[in-house]
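If you want the building blocks of each chain, they are given just below.
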Amino acid sequence: MSASSPHRALLFVESNTSGTGRLFARTARKMGFHPVLITTRPGKYAYLSEEGAPEVVVVARIDEDELHALIAARWGGAAGVAGITSSSEYFVATAAALAARFGLPGPDAASVRAARDKSRQREVLAAGGVPSPAFRAVSSAAEAEAAAREIGFPVVLKPVDGSGSVGVRACADPAEAGSHAALLFASGGEGARVLVESFVAGEEFSVEVFSGRVVGITRKHLGAPPFFVEAGHDYPADVSAEAAAALTDSVTRGTELLGLGWGPLHWELRIDREGRAVPMEVNPRLAGGFIPELVRHAQGIDLIRETLRLVVGREPGLAAGHQHHASIRFLFAPGAGRLAAIEGMSEALGRPGVVEVSAYRRPGDELDVHGDFRDRIGHVVACAGEARAAARAAERARDTVRVRVDAPAAAARGRSGRSCRAAGGRVGGGGVSEDTGRIRRALDPRARRIVFGDDADRAIRDELPSCVRIDRAHLVMLVERGILPPGRGRRLLSAMDRLIAEDYAPLKGRAAPRGLYLLYESWLVETLGEETGGAVHLARSRNDINATVLRLRLREPYGRLAGEVLRLLAVLVRRAERHAATTMPVHTHYQAALPVTFGHYLAGVAVALLRDLHGIEAAAAGLDRCPLGAGAAGGTTVPIDAERTAALLGFAESVLHSIDAVASRDLVLRLLSAASVLGVTLSRLATDLQLWSTAEFDLVGFPDTLVGSSSMMPQKRNAFLLEHVQGRAGAPLGAFTAAAVAMHATPFSNSVAVGTEGVRPLWGALEGVTEAVVLSRLVVAGAEPRPERMRRRADEGFTAATELANRLVLETGMSFRRAHHRVGERVTEAALRGEPLAEAAGALFRELGIDADAAGLDPAAIA
């Protein structure tokens, strides 16, 4: 079998989710190979539904031995495989190891693994004389804060094995370092390590290397601190001869030291105040951020193609075909929320020098601000004969594009809990027919308002994107299985793409007499004709669609809730460390009981919240199972591939049973139950802080930004946010009761009471408890303990009495009960006389004949 045979596989062990991942697959196919993506989560690859996408093989995990067995059994090893690689930094080492086991070309896996560990990378480079920042690899937030103090601020914190600027942040003081480290460790899992290093001021560049040879230097443009989001690149960089020499020298020496002389390598460096080229990191892969495309536009060198030539054992060609300049500028949303529109792209593409304008996100997508590469939603590329001209053209094109974002969906109260329910008929002449074949007349309008609601546009906004996403995956599967002709599938996908691009405008304002889904399907029929537009519903029911929409819609609020709990945990841990020595009384029955610290209290709340988070994660396990294929309840005789559809939608697997798939909404009950437990913890925290902020306790205060005034009483400073926490934290409990009652004693099959009414309370409840978490984080972060007052209340409350009784037992051998009684008597006397416990302790020691000095007992220290 020849190397260029279309039947010979070129395997990608995972990939970039966009950008170069898509280009690698397309290039492999153009070179005559059959690209295959081996992945655990195909749903994260949006380009898999596009023409020219690779074959997908879904595996349970990326394990070298298991993949070796799979490749040997399925393709016969090297006999049927032209090469094995990965465009994802996280999997380059695994791909290299597999290639070596089959005798295929690739980098040294051990060197790649060592370079992936940024602390090891730093050690090797520093030992070899390459300029490096001061650094420490740490395993806890406390270690990170100590390392930052030792190195000196500002510092940069990043995961040891991270990529794409995820988790990378500059920190200006110990509080920022401790807080960000706590967040990294909370999200990194067991065994996580963090790199703390000195901040290197200066211009940033990247150097693209191929098999030890420097291909070119890229100038990088970064977004606003404290993050390191790449906002654009210029290639080749217009840089001084001295800077180019320093960059080339550091990269050449470093590449040799790290043993990374095979294939593509991406260095990121800064020129410091002394003119040294200091590496920020080294990536054993091609650059991201579309830099390979800039190289291709500027010099005619296709680094993706040359990488694949190397992977399959051919000699790469790196001779430049021409010498131009290319610049890319990325598009960003103005903030978090629902993407309403990206306007002006055609105008931008028509500007002089612009060769590409692309958007990665579509209207209706939820956007968040992460502080890393995920914030980019598109890009423009421009070319010119001179560097500044290319940069200006890209910037002008970028400024032409307008990104409109609606308010975050989580801020909108009262979301509908309905999935894409529908019945309804054919569309003709712009109206909706009530004739479904079996039902000839319209639903009573009074019932329609109650069941489907009056706000169709809100339903389109909240529900229809998930419905269309399901349809797209279903169509791909039907075509792949040969059930639907490719031409018909393409026309349907094209119509859906147009509907998405127009933000569903053709459906807005229309009547939906029997629900949203068939309003949408009727539009497809109207647009494409009944034979094509009416084909997509084959082998499905509203029942399994609704169950799937629920799971898709739940991903965002579940992810936001879990993320906000993590943020609250990070604040609690940081504040607990800061106040580890701030003494205060812990109360039982609202009475001062024992001396603890404010930090000890906050850490206790953090432990409870971590347990609550684990409960929420466990409750959401069902989100990974896809109900599609269950039909109305009994599956379908059409030979569909339910696992393929599940994979395209990002599910790990299909549900186990068709009846259970449409009958059960226990996922809703479990989430509400876990959220209710979380709400209890939040309400108890709020109650303590509110009580302690009263004038009677005066243990904690809050800044002006976290309190409210009275409309009548000018002296008031109301900690009213805590009352909102208490109120909203209870929302899941009420929702659980309503959902459980709606589902109780219903038949175990599809049921409106279960699938619609039982789900209705969910959205507002999750939103409410999420807002309670956010408010709790703000209040905890802003709480100002009164250390002197706390210590005085601990003393005045005789909180050391228990410890005094313990000391008597240890020194005299008397029983604890007797010691308890004697100390109680002395506390009573001290309270009557207004004496501190230390004096009562001294008198008791003298009465019992205890030499406090000889015994090393200081009554004041005990008290």
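Residues numbered from 1 in each chain as written. Predicted model: local features only at pLDDT ≥ 70, side-chain atom pairs only at ≥ 80, totals over all residues. Heavy atoms only, no water.

Moving on: the packing of aromatic side chains. Under the counting rule described, the total for this entry stands at five aromatic pairs. Here R376 stacks its cationic end above the ring of F330, 4.1 Å away from the centre of that ring. The residue whose ring lies beneath R555 is F651, and the NZ or CZ to ring-centre distance is 4.6 Å. (Phe/Tyr/Trp six-rings, centres within 6.5 Å; stacked < 30°, edge-to-face > 60°. Lys NZ or Arg CZ within 6 Å of the ring centre and 35° of its normal.)

Further remarks concern the packing of helix α2 (residues 64-75) against helix α3 (residues 92-101). α3 packs onto α2 with a crossing angle of 45 degrees between their chain directions and a minimal axis gap of 10 Å. Comparing the axis directions of α2 and α3 gives the class oblique. Crossing hand, α2 versus α3: right-handed. Here α2 contributes E64, D65, L67, H68 and I71 to the contact with α3, which in turn contributes T94, A97, L98 and R101. (Axes fitted to C-alpha atoms, helices over the stretch in contact; angles between N-to-C directions. Helix = DSSP H or I, 4+ residues; strand = E, 2+ residues; numbered from the N terminus. Parallel < 35°, antiparallel > 145°, perpendicular 65-115°, else oblique. Left-handed = near helix turned anticlockwise from the far one by under 90°. Contact = heavy atoms within 4.5 Å.)

The subject of this paragraph is the sheet that holds strand β1 (residues 9-13). With respect to topology, four strands assemble into an open sheet ordered β3-β2-β1-β4, the strand pairing being parallel. Here the strands that pair on one side only, and so sit at the sheet edges, are β3 (55-58) and β4 (81-85). Each adjacent strand pair in this sheet contributes to an overall mean axis angle of 25 degrees, direction not counted. Pairing of strand β2 (residues 34-39) with β3, which is carried by four bridges, proceeds in the parallel orientation. Counted as the bridge partner of I38 is V57 from β3. (Pairing = 2+ DSSP bridges.)

What follows is about the environment of L628. Among the secondary structure elements, L628 is positioned in the loop between β24 (625-626) and α21 (642-648). L628 gets classed as buried once you look at its relative accessible area, which sits at 5%. With sequence-adjacent residues up to four places away left out, L628 is seen in contact with I470, R540, D544, I545, T548, A642, T645 and L649. (Buried < 20%, exposed > 50% of the residue type's maximum accessible area, 1.4 Å probe, protein only.)

With that settled, consider the packing of helix α20 (residues 598-619) against helix α23 (residues 666-692). When two helices pack together, their arrangement is given by the angle between the helix axes and by the axis-to-axis distance. As a packed pair, α20 and α23 sit with axes 8 Å apart at the nearest point and diverge in direction by 170 degrees. Our classification of the angle between α20 and α23 gives roughly antiparallel. The hand of the α20/α23 crossing is left-handed. On α23, the residues touching F598, Y601, V605, A608, L609, D612, G615, I616 and A619 of α20 are L667, R670, L671, A674, V677, L678, T681, L682, R684, L685, D688 and W692.

Strand order in the open sheet formed by three strands is β17-β15-β19, with antiparallel pairing between adjacent strands. The sheet is open, and its two borders are formed by β17 (366-367) and β19 (402-406), each paired with just one other strand.

All right, on to the pairing of strand β22 (residues 583-588) then. For β22 and strand β23 (residues 591-597), the ladder comprises six bridges, and the chain directions are antiparallel. Within the sheet, the bridge partner assigned to T588 lies in β23 and is Q591. Taking the residues between adjacent antiparallel strands as the criterion, β22 and β23 are bridged by two residues, where H589 takes a positive phi near 55 degrees.

Attention shifts here to the confidence of the model for the protein. Averaged over all residues, the pLDDT of the protein equals 86, while 90% of them reach at least 70. Contacts from residues 1-6, a stretch scored under 50 in pLDDT, to residues over four places away or in other chains number 16 contacts. (pLDDT = per-residue confidence, 0-100.)

Here we come to unusual backbone geometry. Excluding glycine, most residues fall at negative phi; most peptide bonds, likewise, are trans. The peptide bond linking F153 to P154 adopts the cis configuration, its omega dihedral lying at 0 degrees. By secondary structure assignment, the location of P154 is in the loop between α6 (141-151) and β6 (155-159). Cis rather than trans, the peptide bond between Y235 and P236 has omega equal to -10 degrees. At A539, a residue that is not glycine, the phi angle is positive and equals roughly 65 degrees. Judged by its relative accessible area of 13%, A539 is buried. A positive phi angle, near 60 degrees, is found at A745, a position not held by glycine. Structurally, A745 is set in the loop between α25 (731-743) and α26 (752-757).

A word on helix α17 (residues 516-528). For α17, with 13 residues, the first-to-last C-alpha span of 19 Å sits near the 18 Å given by 1.5 Å per residue. Of all 13 residues making up α17, ten are buried, and the element is well covered by its neighbours. Restricting attention to buried positions, one finds in α17 the residues L516, Y517, L518, L519, Y520, E521, S522, W523, L524 and V525. Just downstream of α17, G529 is the residue with a positive phi angle, here 90 degrees. (Expected span 1.5 Å × (residues − 1).)

Within the largest apolar cluster, 77 residues are counted, with the highest numbers of intra-cluster contacts made by L10, L303, L464, M496, L507, Y520 and L524. When residues in this core are grouped by element, the largest group, nine residues, is from helix α15 (residues 464-480). The residues touching L10, leaving out its near neighbours within four places in the chain, are A28, F33, H34, P35, V36, G83, T85, L308, V311 and V312. Among the nonpolar cores identified, the runner-up in size contains 65 residues, and L689, L706, V707 and L721 belong to it. (Core = buried A, V, L, I, M, F, W, Y, C linked by side-chain atoms within 4.5 Å.)

Now for the pattern of salt bridges. Within this structure, the stated rule accounts for 53 salt bridges. Linking R296 and E293 is a salt bridge whose minimum nitrogen-to-oxygen distance equals 2.8 Å. With R296 and E293 both in helix α9 (residues 291-299) and three residues apart, the pair spans about one turn of that helix. For R296, a relative accessible area of 31% puts it in the partly exposed group. Judged by its relative accessible area of 10%, E293 is buried. Each of the salt bridges in this network shares a partner with another, and the network as a whole consists of E204, K220, E230, E268, R270 and R376. (Salt bridge = Lys/Arg side-chain N within 4 Å of Asp/Glu carboxyl O.)

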